[in-house]
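# Coordinate inspection notes
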Amino acid sequence: MPSQSQKYDVLVLGAGVIGLSSALDLVEAGYRVAVAAKDLPEDSFSTGFASPWAGCNWHTFEDDGSSPAAKRDARTYARLAKVAATHPHLCKRIEFVDVFSTRVPAESRWNNDLVGGICEVTRDTYPIPGGHPHAHIWNSYIIHAPKYILHLASLLRSKNVPIVRTRLSSLDEAYDIPSIGPVSLVVNATGLGSFSLIGVEDPKAHPARGQTVLVRAPRAKRCIMNTESFMGDDDAAKPAYIIPRPGCDEVVLGGTYIPNNHSSLPDLVEADRILQACFDLEPLLAPQGGGWRDIEVISHNVGLRPARDGGARVELEKKVVGSATRRVGRPNSADKKQVGVVHAYGFGSAGFQASLGAAEEVVQLTNEYFGKPNNAILQGRQAKL
Ligand code: FAD
Ligand code: FLA
């Protein structure tokens, strides 16, 4: 059970979509939570974290519906219905078109039932974007990523959860941050930070560079995805995707997925390739009668996805902290303390679409650490987003 002598039960390290969603579900489950991070949701232009740069949609990349990642995606899809109903400027269910060069049976996709059915069409019977031979038409969610994380932060603050700015060099420091005080459980939601955070230093964690072009295109209303080669190594067919943002006339055009590339500098040749490929899929991106060069560009952006070989790490680790928490000028009060860490990082391309499912797992692992039953989740209690 949490200690009553401490002000907070759990410190969530990281204020991207995973840390914030987890913090909200933890509060709802009755925990006293604080959040600390070097990049905060207000830092909408910081390339120090991934969340503000997401497209952002729910478009699962899982093949197997029974995988932990697919389960997270499924829970998030279910919960996004409520977000869309209450905050349509942050999240909206719209038409998605996935284009393919070869037939992909709709019934082979695990999310067919979850999303209310995927309709398989061919170009003989349907005007498929870009003239591709095959497509799936279905409905899913788009999210305004930078506004959504601000919304999560504002919900947390309204529940008196402090969100403090700090950059830690070691995980052990998180157990006694000066403005927060001692905690015995830390949620490690540091994304790419888990590669270099002392005490985690996960060699499987790496960046996957994603370049996008943010444009103004009030006529483009559908999410169109040509992601056959996404995350693959087929250079011939580079991915292109069009993701409108809810509540405004902005559209995110993508994109690239380049593992182990740390550069946040946009490549303008790549930007032209994205604009052309997206215009081929959706001529409504340009003003009436215009070509791809007439698309109104707002900004060229790069975000580094927190990828991880083998997928996201969501697990409880028990450990002892002590000597590494000792910092120059600070008393050595935390020597040899038994603590826990719930890791929740490495979500790559899927942090938003996995976020609410991942948050539920974080609560379950937190309950496990504190020896509490997991009935809060079973009874369907989650943060009201
Ligand atoms: P981050 O957002 O990176 O947050 C990490 C947090 O940890 C930050 O607050 C950071 O400051 C903090 N931190 C790190 N190290 C330290 C430290 N040492 N000390 C203190 N704090 C630290 N996902 C989708 O689901 N759908 C999409 O359509 C989608 N599109 C994308 C498009 C692009 C171009 C990109 C780049 C990403 C996209 N993603 C999408 C992926 C998504 O953005 C990420 O998976 C998600 O943002 C990861 O969230 P996170 O909270 O794990 O990490
Ligand atoms: N998840 C998004 C990305 O990572 C995509 O770029 F759906 F757009 F692919």
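Predicted, not measured: the structure shown is a model, and the values here were computed from it. (Residues numbered from 1 in each chain as written. Chains lettered and ligands numbered in written order. Predicted model: local features only at pLDDT ≥ 70, side-chain atom pairs only at ≥ 80, totals over all residues. Heavy atoms only, no water.)

Our next topic: the environment of Gly 181. Summarising the element assignment, Gly 181 is placed in strand 8 (residues 181–182). On the basis of relative accessibility, which here comes to 12%, the residue Gly 181 falls in the buried class. Setting aside residues up to four positions removed in sequence, Gly 181 forms contacts with Tyr 175 and Asp 176. (Helix = DSSP H or I, 4+ residues; strand = E, 2+ residues; numbered from the N terminus. Buried < 20%, exposed > 50% of the residue type's maximum accessible area, 1.4 Å probe, protein only. Contact = heavy atoms within 4.5 Å.)

The next thing to look at is the site of ligand 2. Taken together, Asn 57, Phe 61, Met 225, Phe 230, Tyr 241, Ile 243, Arg 305 and Ser 349 form the complete shell of residues around ligand 2. One nitrogen or oxygen atom from the side chain of Arg 305 is found 2.8 Å from an oxygen atom belonging to ligand 2. In isolation ligand 2 offers 250 Å² of accessible surface; the protein chains occlude 93% of this area. (Near = heavy atom within 4 Å. Polar contact = N/O pair within 3.5 Å; in protein donor to acceptor, adjacent residues only side chain to side chain. Areas by Shrake-Rupley, 256 points an atom, 1.4 Å probe, with all protein chains shown as cover.)

All right, on to the UniProt feature "binding site: FAD" (unreviewed entry) in the protein chain then. Residues given the UniProt feature "binding site: FAD" (unreviewed entry) here are Thr 190. Looking at the secondary structure, you find Thr 190 in the loop between strand 9 (185–188) and strand 10 (205–216). Residue classification places Thr 190 among the partly exposed positions, given a relative accessible area of 22%. Ignoring any residue separated from it by four or fewer positions in sequence, one finds Thr 190 in contact with Leu 13 and Leu 197. (UniProt positions renumbered as here; feature names shortened; annotations may be inferred.)

Now for the site of ligand 1. Close to ligand 1 lie 37 residues; Asp 39, Ser 51, Asn 57, Gly 348 and Gln 353 are nearest. Between ligand 1 and the protein, one listed contact pairs an oxygen atom with a backbone N or O atom of Val 17 at 3.3 Å. When ligand 1 sits alone it has 1,000 Å² of accessible area, and the protein chains cover 97% of it. Breaking the shell around ligand 1 down by element, the ones donating at least two residues are helix 1 (17–28), strand 10, strand 15 (296–308) and helix 5 (351–370). When the residues that make up the shell around ligand 1 are grouped by side-chain class, the tally is 17 nonpolar, 16 polar and four charged. (Nonpolar A, V, L, I, M, F, W, Y, C, P; charged D, E, K, R; others polar.)

Time to look at helix 1. Here helix 1 is twelve residues long and its end C-alpha atoms lie 17 Å apart, about the 16 Å a rise of 1.5 Å per residue gives. Of the residues making up helix 1, those classed as buried are Val 17, Ile 18, Gly 19, Leu 20, Ser 21, Ser 22, Ala 23, Leu 24, Asp 25, Leu 26, Val 27 and Glu 28. A positive phi of about 100° marks Gly 30, the residue just after helix 1. (Expected span 1.5 Å × (residues − 1).)

Following Gly 254, the chain continues into Gly 255 via a peptide bond in cis, with omega recorded as -10°. In this structure, Asn 160 takes a positive phi of about 65° despite not being glycine. Of note, Asn 160 is situated in the loop between helix 3 (145–158) and strand 6 (163–165). Using a relative accessible area of 68% as the deciding quantity, one classes Asn 160 as exposed. We note that Glu 201 has phi near 40°; this positive angle belongs to a residue other than glycine. Tracing the sequence through the fold places Glu 201 in the loop between strand 9 and strand 10.

Bringing the packing of aromatic side chains into the picture now. For any pair of aromatic rings, the description consists of the separation of the ring centres together with the inter-plane angle of the planes. Overall, the coordinates contain eight aromatic pairs when judged by the stated rule. Ring plane angle 65° and centroid distance 4.9 Å describe the contact between Tyr 77 and Tyr 141, whose orientation is recorded as edge-to-face. Taken together, the residues span a long stretch of sequence, with Tyr 77 in helix 2 (residues 68–86) and Tyr 141 in strand 5 (residues 134–143) at a distance of 64 residues. As far as burial versus exposure is concerned, Tyr 77 and Tyr 141 are alike and both buried. Here the aromatic cluster, defined as three or more aromatic residues joined through ring pairs, consists of Trp 58, Tyr 77, Phe 96, Trp 110, Trp 138 and Tyr 141. Here Arg 109 stacks its cationic end above the ring of Trp 138, 5.3 Å away from the centre of that ring. Above the face of the Tyr 31 ring, Lys 372 is positioned so that its terminal group lies 4.2 Å from the ring centre. (Phe/Tyr/Trp six-rings, centres within 6.5 Å; stacked < 30°, edge-to-face > 60°. Lys NZ or Arg CZ within 6 Å of the ring centre and 35° of its normal.)

Computed from the structure, the second largest pocket encloses a volume of approximately 450 Å³. Contributing to the lining of the second largest pocket are 18 residues, with Thr 60, Phe 61, Asp 63, Phe 100 and Arg 109 lying nearest its centre. Here the lining of the second largest pocket takes three residues from strand 3 (residues 91–100), the largest share from any one element. Residues of the lining of the second largest pocket, tallied by class, amount to eight nonpolar, five polar and five charged. (1 Å grid on protein atoms, 1.4 Å probe; cavity = no way out; pocket = protein on both sides within 12 Å on 5 of 7 lines; lining within 4 Å. Points joined across faces, edges and corners; volume = space filled by probe spheres on them.)

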